[in-house]
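This is what each chain is made of:
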Amino acid sequence: MKIVAADVIVSSPDRNFVTLKITTDEGITGLGDATLNGRELSVASYLRDHVAPLLMGRDAHRIEDTWQFLYRSAYWRRGPVTMAAIAAVDVALWDVKAKAAGMPLYQLLGGASRTGIMAYGHASGRDLPELFDSIRRHLDEGFRSIRVQTSVPGINAVYGVAAQPSATGQRYDYEPAQRTPLPAEEDWDTRAYLRHLPSVFEAVRNEFGPELPLLHDGHHRMTPIQAAKLGKALEPYDLFWLEDCTPAENQEALRLVRQHTTTPLAIGEVFNTVWDYQTLIREQLIDYVRSAVTHTGGITAMRKLLDFAAQYQIKSGIHGPTDISPVGMAAALHLDLAIHNFGIQEYMKHTPLANEVFRQSFTFTDGYLHPGDQPGLGVELDEEAAARFPYEPAYLPFNRLKDGTVHDW
Ligand code: EZ4
Ligand code: CO
């Protein structure tokens with residue numbers, strides 16, 4: 001079965017998505033997600049200008065060979081643009097292969113290891129009453145695990161707080177990237193955050209009891225010793241995980257955090273290869289791998305990464321914000337269902353407009369996701385609907401400290 005077309009579709013139903021559609025001479029099509037939030041067009045060009053021509057005439061069944069060919073023949077290795085492009089090809093080819101087999105993709109990955117995929121949702125509030133309402137709303141929607149993000153007294157705009165007004169005056173619910181000509185500026189003060197956050201978790205535990213799994217995202221903003229202090233301070237509230245406590249390009253920094261706290265650690269949404277995890281996994285410095293299928297070379301590479309993690313009892317926590325398209329989300333769900341070392345899946349719902357462009361067959365019932373049993377990924381792209389929403393420039397915000405210094409966002 002030969003590849004005869006590889007089309008890149010950029011569409012913006014409420015937010016930008018880059019989708020690769022591969023077509024074979026047998027008329028089978030496959031979809032892959034190549035969305036890189038705020039840098040979408042660079043991946044679209046990488047695919048259109050440099051990858052699509054190489055795919056013509058290749059055997060669609062040779063997924064591993066195509067992955068190795070794209071990774072090694074570029075000479076320049078790794079990086080988010082390259083790895084998102086390779087991921088899109090990889091996932092589209094798995095979609096094709098599973099459709100050709102007449103099976104949902106998870107069957108080709110070894111079949112289901114569980115009946116459902118535990119998902120966590122994003123609750124947030126500017127103060128405790130707003131946060132409690134948000135948690136209750138998520139519980140009503142069926143979520144059984146909840147990420148908690150909060151405003152901090154003295155800071156005007158903090159990542160992850162839905163009701164805080166954004167640069168465009170919209171709520172921050174679905175997406176932090178904003179359709180503004182320049183990245184929006186937010187502010188940050190680590191000492192204020194470290195003082196405030198434990199009191200919020202204490203209040204949430206008092207209100208909702210000891211059972212509910214609670215998560216928190218530090219979004220790369222702390223130094224190792226600050227992260228150690230936060231991890232220790234949160235121990236009484238029994239977090240499911242503390243995410244991205246430091247900018248973890250320096251993997252060795254996590255040794256220090258780990259020595260000080262038993263709060264479980266999750267890292268990796270901005271990583272793109274297994275090499276970014278080498279020390280973290282081998283020295284058991286983390287508990288959950290946060291990579292997205294979309295940004296880490298697709299199903300083929302994620303499977304290897306998660307198998308490596310499994311040897312160290314490290315589990316999956318696949319990245320699933322709205323900037324992962326429904327195609328990338330479906331790929332994650334098939335993998336989640338099949339692997340043994342599944343931990344939890346992030347699930348931030350897409351907007352109704354995005355769901356018009358991407359017709360999905362996954363389900364969310366009583367806190368558990370399931371990819372469904374359609375052949376392939378189970379996602380269809382409505383290209384006419386996609387064409388109605390052309391690309392719109394959008395940027396993620398960035399942080400400045402009180403003295404004007406740029407800080408990790
Ligand atoms: O800020 O995907 O855990 N989830 C996150 C996300 C990221 C966005 C950036 O594009 O940290 O919300
Ligand atoms: Co995160």
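Before reading on, note that the structure itself is shown above.
Residues numbered from 1 in each chain as written. Chains lettered and ligands numbered in written order. Predicted model: local features only at pLDDT ≥ 70, side-chain atom pairs only at ≥ 80, totals over all residues. Heavy atoms only, no water.

We now examine the overall build of the chain. If you tally the helices and strands in the chain, you get 13 helices and 18 strands. Across its three principal axes, the chain shows a C-alpha extent of roughly 60 × 45 × 45 Å. The buried share of the chain, taken over its 409 residues, is 60%. Partitioning the contacts of the chain with sequence separation of at least 6, the portion at a separation of at least 24 is 71%. Of the roughly 16400 Å² of accessible surface on the chain, a fraction of 51% belongs to carbon and sulfur atoms. In the chain, the 38 positive side-chain charges and the 51 negative ones have mean positions that sit 3 Å from each other. (Helix = DSSP H or I, 4+ residues; strand = E, 2+ residues; numbered from the N terminus. Buried < 20%, exposed > 50% of the residue type's maximum accessible area, 1.4 Å probe, protein only. Contact = heavy atoms within 4.5 Å. Areas by Shrake-Rupley, 256 points an atom, 1.4 Å probe, with all protein chains shown as cover. Lys, Arg positive; Asp, Glu negative; His and termini not counted. Charge placed at Lys NZ, Arg CZ, Asp CG, Glu CD.)

With that out of the way, let us pick up the pairing of strand β4 (residues 117-125). Side chains on a regular strand alternate between the two faces of the sheet. With respect to burial, β4 is a largely interior element, nine of its nine residues being buried. Strand direction decides the pairing type here: β4 and strand β15 (residues 368-370), joined by two bridges, are antiparallel. In the sheet register, Met-118 faces β15, and the bridge partner there is Tyr-368. Both β4 and strand β12 (residues 342-346) contribute to a ladder of two bridges, which runs parallel. Note that in β12 the partner of Tyr-120 across the bridge is Glu-346. Where β4 and strand β5 (residues 146-150) come together, five bridges link them in parallel fashion. Bridging from a neighbouring strand, Ala-123 pairs with Val-148 of β5. Note that the unit made of β4, helix α5 (residues 128-140) and β5 has a crossover that is right-handed. (Pairing = 2+ DSSP bridges. Right-handed = clockwise from strand over helix to strand, strands pointing away.)

Hydrogen bonds between backbone groups are what pair the strands of a sheet, and the pairing can be parallel or antiparallel. Taken together, three strands build an open sheet; the order of strands is β6-β17-β18 and the sheet is mixed. The sheet is open, and its two borders are formed by β6 (185-187) and β18 (406-407), each paired with just one other strand. Judged from the two bridges that link them, strand β17 (residues 398-400) and β18 form a sheet pairing that is antiparallel. Bridging across to β18, Arg-400 finds its partner in Val-406.

The full set close to ligand 1 counts 14 residues, and Asn-37, Tyr-159, His-219, Glu-269 and Asp-323 are the nearest of them. His-319 places a side-chain nitrogen or oxygen 3.4 Å from a nitrogen atom of ligand 1. The side chain of Asp-323 places a nitrogen or oxygen atom 2.8 Å from an oxygen atom of ligand 1. If ligand 1 stood free it would expose 330 Å²; the protein chains cover 94% of that surface. Here the residues of the shell around ligand 1 sort into four nonpolar, three polar and seven charged. (Near = heavy atom within 4 Å. Polar contact = N/O pair within 3.5 Å; in protein donor to acceptor, adjacent residues only side chain to side chain. Nonpolar A, V, L, I, M, F, W, Y, C, P; charged D, E, K, R; others polar.)

When you line up the elements, Thr-263 lands in the loop between α8 (253-260) and β9 (265-267). In this structure the C-alpha to C-alpha distance between Thr-263 and Tyr-159, which are 104 residues apart in sequence, comes to 21 Å. Setting aside anything within four residues of it in sequence, one finds Thr-263 in contact with Gly-231, Leu-234, Glu-235, Leu-239 and Leu-242. Within the structure, the side chain of Thr-263 is placed 2.7 Å from the backbone oxygen of Gly-231, a separation counted as a polar contact.

So, on to the coordination of the cobalt ion (ligand 2). Each protein donor to the cobalt ion (ligand 2) is listed here as Asp-217 (OD), Glu-243 (OE) and Glu-269 (OE); together their distances run 1.9 to 2.1 Å. Seen from the cobalt ion (ligand 2), its six donor atoms lie at angles of 24 to 176 degrees, and the figure they make is irregular. Counting the intervening residues between successive donors of the cobalt ion (ligand 2) yields the motif D-x25-E-x25-E. Of this pair, Asp-217 sits in strand β7 (residues 214-217) while Glu-243 sits in strand β8 (residues 241-243), and the two are 26 residues apart along the sequence. Just as Asp-217 is buried, Glu-243 falls in that class too. (Donors = N, O, S within 2.8 Å, 3.2 Å for Na, K, Ca; no water. Tetrahedral: all angles 85-135°; square planar, octahedral: opposite > 155°, others 65-115°.)

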